[in-house]
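Each chain is listed here by its residues.
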Amino acid sequence: MKLILVVGVLATVLVASASAKSLDFSHDLDTANSYLEAPHHHQASSLHHHQSHSLHHHNRNRRLQRRDSNSKDGLHCNDVRGDFEAIDIPLPQHFNEKGAQCGGHCCTNSTENELKKIASADFERSLHHHTKSLRGVLESTAKHFQSYILDSTDQSGNRTINVFSQVYIRMLPLSRKLIEQLYSDIKSTIKATESTTSINTLEHNIHQFFVNLFPVAYHQVVHLDKQRYGELHEDYINCLKLTYDEIQPFGDIPTEISRNLRQSIQMVHILINALHQSAEVLGETDELYGAHLTESCQKHLLRMSYCPRCNGLQKTHVKTCYGYCVNVLRGCSAQYAGALDSHWSSVASGLENLMNVHMGADAGIVAAIKQLDVKLPDSIMKAMGNGPELEKTVKKACGTPKLLPSKEAENEIKKPISHYNKKLNPVEPELLHFSSTIDKSKDFYSNIVNNVCDDDEFQRNDRHCWIGDRISDYDQIVMTPGQDTQRYNPEVPYEPTSKPTKLHELLDKLLKIRKNLDTAMPSPPRTINDIQSDMAGHDDEGSGHITDDVDDEEYRLQGSGDGSGDGATSFPVDPRSDNNEDNEITPHESSNSPASTVSSAMSLVSLTCLLLVTHHTLLATIRFYKLNLN
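Keep in mind it's a predicted model, so treat the numbers as computed, not measured.

**Quick notes on the overall build of the protein**
Looking only at helices and strands, the protein features 23 helices and four strands. For the protein, with 630 residues in total, the buried portion stands at 37%. The long-range share in the protein, meaning contacts at least 24 apart out of those at least 6 apart in sequence, stands at 79%. Accessible surface, the protein as shown: approximately 36,600 Å² in total, 52% of it carbon and sulfur.

Dropping the structure here:
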């Protein structure tokens, strides 16, 4: 009986041990012995106590396993604690919650929400950094370019005075102030903000400069009977000024100077304004990125930038894949970068072209300024070359001048020393830097994300790097720039929506800037072939296309727009002119036209003469036959 009881107790103990799995076998043997020695009425109570003790051991082991796991996660999270504290994000003391978006123990849902805001701000800041650099180049170029032109103007004034002091020394005392005032007016016009008014004023001042220079040049250089000493009377000076427009002593040089300066300074104003306006567009575009980030974009910015840390991965241990970065940022910027890309590229090309015109061509401001110190002395030479005829014209208009005593003796006229000693600042390095930068910036908006992802923090070869939720190779297609391609972006697909009002405003600004740059570019001279090609190209619009069946004589009748009746002009009328009367092709002469009437009259006279001759011939023939008959 005792043997049966012992076997039953041992079987019970073994069942309890199997359920607990961690029961101490020495303790099992002690328990079995106690069952052998204990009275029979305590057996059920002892069995219940043993089962409770075994369950306690099982729960305790599960808690130890959980604690060990949390200790392991906590160790990794403590490794990245410094990274979070650097951006003012506190980490919890116990890591028993996983964030829904990163899936790591180091970040809770509330932590991820804070990190999402920081990731979006980081994205904006990265774009601002690269935009700010280009804005700085545009603004500094505008400032430096204007400064260079002003320095060039000072240098030209210096050279002009030096030429007058060496060649026209007697003129210099009276002409120096005129020259200085002319260059001062040019500089004021270059610095002016109101282009049209200031340039109109400059044209008037250039005209007045030559009006006031005429009496000085005539008396000191052209006047053949001038005495060694003496000055013109004020009344005679006023007469010369009044007759300046009629006499035109300097030929077409004043008109040429005025025209070149007007065109060149207008181009300067447009270029400088375009540089500043382009910089403003860049700054205003930056404000759009953060204001309209989609939820999908914010989520991927979080995954790309901070989810590795939420999973306990330090920056030094893992990098984000380059391809993943490019796809995320191109998807996030598609709405704005895609819309602005082509417009910005067009503006950048226009800025580059106009800058090259000013610095390297004959039509720019640098050439116009440098020509002044040649053109101004040439105007005096022009007057001297026509001296005898000019003398006669002046005497006819104003009479022979009576000279007043000179205010200074001849030996007091000394060669003056120029006060312009300012050296021209070198501009070539700055312009080379601008040309290089503006050329690269043509693809600024399409490549702006490349500038962000090219950082050392990203894994260029896309091998064993962070792909948004784990470390792996990035095998997705890296999308090329452009809104159309971003529709297939594997990370942040572009979904076309209505453009924000601000974006429309920026597009309009870029279009206006480009239009202004186009108007500033000097037009090449047009040939007859160019004009005829334009006329042929506008055939559908009824612009006067000459068909193949019209011969040269008809073309001369149709195309001569000068009304002289002596054939075709050397330059046919430009059909794009605003003057519609001049642009109209003269039709074939109708029967009611004066020319037709004259032609009809001539034909009638010829017919009458023919009839008279025939009549007289007939009469003579009749007389001849009468005489023969008699």
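Next, the rest of the story.
**Examining the side chain of Asp286**
Of note, Asp286 is situated in helix α10 (residues 253–291). Put simply, Asp286 is tucked away with no salt bridge, and the nearest opposite charge, on Arg135, sits 5.2 Å away. Within the local environment of Asp286, its side chain forms a polar contact with the side chain of Thr131, the two groups lying 3.2 Å apart. Those residues in contact with Asp286, other than ones at most four positions away along the chain, are Leu127, His128 and Thr131.

**Considering the nonpolar core**
By size, the foremost hydrophobic cluster in this structure holds 127 residues, and its most contacted members are Ile186, Leu301, Leu329 and Leu351. Of the residues forming this core, the biggest block, 18 residues, is contributed by helix α13 (residues 322–360). Aside from chain neighbours lying at most four places away, what touches Leu329 is Phe123, Leu301, Met304, Val449, Val452 and Cys453.

**Concerning the pattern of salt bridges**
Applying the stated criterion across every chain yields a total of 18 salt bridges. As a salt-bridge pair, Asp373 and Arg159 come within 3.3 Å of each other at their nearest N and O atoms. One end of the pair, Asp373, is in helix α14 (residues 365–385); the other, Arg159, is in helix α5 (residues 109–167), and 214 residues separate them in sequence. Residue Asp373 is classed as buried on the basis of its relative accessible area, which comes to 12%. One salt bridge in this structure joins Lys502 and Glu505, with 3.8 Å as the shortest N-O distance.

**Quick notes on the state of the cysteines**
Throughout the structure, instances matching the rule amount to seven disulfides. Covalent S-S linkage joins Cys107 and Cys310, the inter-sulfur distance amounting to 2.0 Å. Judged by the sign of its S-S torsion, about -85 degrees, the cystine formed by Cys107 and Cys310 is left-handed. Linking Cys107 in the loop between α4 (81–86) and α5 with Cys310 in helix α12 (residues 307–310), this pair joins segments that are 203 residues apart in sequence. Across the pair, exposure class does not vary: Cys107 and Cys310 are buried alike. Bridging Cys239 to Cys398, the disulfide has an S-S length of 1.9 Å.

**Quick word on empty space enclosed by the protein**
Enumeration according to the criterion identifies three cavities of 30 Å³ or more in this entry. Within this model, the largest cavity holds a volume of roughly 60 Å³. Forming the walls of the largest cavity are Ile257, Asn260, Leu261, Ala368, Gln371, Leu372 and Lys375. Contributing elements (two or more residues each) for the lining of the largest cavity: α10 and α14. No other element matches α14, which puts four residues into the lining of the largest cavity.

**Things to note about the environment of Glu457**
Locating Glu457 in the fold gives a position in the loop between α17 (444–453) and β2 (458–459). With 138 residues separating them in the primary sequence, Glu457 and Lys319 have C-alpha atoms 5.8 Å apart. If we ignore the near neighbours within four places in the chain, the residues touching Glu457 are Lys319 and Thr320.

**A few points about the layout of surface pockets**
Picture a little ball the size of a water molecule; that probe, rolled over the atoms, points out where space is still empty. One number sums up the size of the largest pocket: a volume of about 730 Å³. If you go around the largest pocket, you meet 27 residues; those closest to its centre are Asp122, Ser305, Lys315, Glu457 and Phe458. Only α4, α5, α11 (295–305), α12 and α17 provide two or more residues apiece to the lining of the largest pocket. It is α5 that provides the largest number of residues to the lining of the largest pocket, a total of six residues. Here the lining of the largest pocket is composed, by residue class, of 13 nonpolar, five polar and nine charged.

**Some words on the packing of aromatic side chains**
Summed over all chains, the structure comprises 10 aromatic pairs. With a centroid separation of 5.5 Å and an interplanar angle of 55 degrees, the aromatic rings of Phe210 and Phe250 are classed as tilted. Placement of Phe210 in helix α7 (residues 195–222) and of Phe250 in the loop between α9 (244–247) and α10 is noted, with a sequence separation of 40 residues between them. Per residue, the accessibility class of Phe210 equals that of Phe250, and both read buried.

**Considering the environment of Glu180**
Structurally, Glu180 is set in helix α6 (residues 172–191). Residue Glu180 is classed as partly exposed on the basis of its relative accessible area of 28%.

**Quick look at the packing of α7 against helix α8 (residues 234–242)**
Running from amino to carboxyl end, α7 crosses α8 at an angle of 125 degrees, the nearest separation of the two axes being 8 Å. Judged by the angle between their axes, α7 and α8 are oblique. When you trace α7 past α8, the crossing you get is right-handed. Along its contact with α7, which presents Val211, Asn212, Phe214, Pro215 and Tyr218, the element α8 presents Tyr236, Ile237, Leu240 and Lys241.

**Details of the packing of α5 against α14**
Axis separation between α5 and α14 bottoms out at 9 Å; the angle between their running directions is 15 degrees. Comparing the axis directions of α5 and α14 gives the class roughly parallel. The hand of the α5/α14 crossing is right-handed. Facing Phe145, Tyr148, Ile149, Ser152, Thr153, Ser156, Arg159, Thr160, Val163 and Phe164 of α5, the residues of α14 in contact are Ile365, Val366, Ile369, Lys370, Leu372, Asp373, Leu376, Pro377 and Ile380. Here the contact of α5 with α14 is built from residues that sort into 12 nonpolar, four polar and three charged.

**Description of the confidence of the model for the protein**
Here the protein averages 74 in pLDDT, while 66% of its residues score no lower than 70. Contacts of residues 9–73 to residues separated by more than four positions or lying in other chains number 28 contacts, the stretch itself having pLDDT below 50. In this model residues 416–421 is a low-confidence stretch, pLDDT under 50, and it forms 12 contacts with partners more than four residues away in sequence or in other chains.

**Quick notes on the environment of Val478**
Considering the arrangement of structural elements, one finds Val478 in the loop between β4 (471–472) and α18 (483–486). The partly exposed category is assigned to Val478, whose relative accessible area is 34%. In the structure, Val478 is positioned 12 residues away from Pro490 in sequence and 8.6 Å away in space, judged by C-alpha atoms. For Val478, the residues in contact, after removing those within four places along its chain, are Gly323, Val326, Asn327 and Arg330.

Thresholds applied
- Residues numbered from 1 in each chain as written.
- Predicted model: local features only at pLDDT ≥ 70, side-chain atom pairs only at ≥ 80, totals over all residues.
- Heavy atoms only, no water.
- Helix = DSSP H or I, 4+ residues; strand = E, 2+ residues; numbered from the N terminus.
- Buried < 20%, exposed > 50% of the residue type's maximum accessible area, 1.4 Å probe, protein only.
- Contact = heavy atoms within 4.5 Å.
- Areas by Shrake-Rupley, 256 points an atom, 1.4 Å probe, with all protein chains shown as cover.
- Lys, Arg positive; Asp, Glu negative; His and termini not counted.
- Salt bridge = Lys/Arg side-chain N within 4 Å of Asp/Glu carboxyl O.
- Polar contact = N/O pair within 3.5 Å; in protein donor to acceptor, adjacent residues only side chain to side chain.
- Core = buried A, V, L, I, M, F, W, Y, C linked by side-chain atoms within 4.5 Å.
- Disulfide = S-S within 2.5 Å.
- 1 Å grid on protein atoms, 1.4 Å probe; cavity = no way out; pocket = protein on both sides within 12 Å on 5 of 7 lines; lining within 4 Å.
- Points joined across faces, edges and corners; volume = space filled by probe spheres on them.
- Nonpolar A, V, L, I, M, F, W, Y, C, P; charged D, E, K, R; others polar.
- Phe/Tyr/Trp six-rings, centres within 6.5 Å; stacked < 30°, edge-to-face > 60°.
- Axes fitted to C-alpha atoms, helices over the stretch in contact; angles between N-to-C directions.
- Parallel < 35°, antiparallel > 145°, perpendicular 65-115°, else oblique.
- Left-handed = near helix turned anticlockwise from the far one by under 90°.
- pLDDT = per-residue confidence, 0-100.

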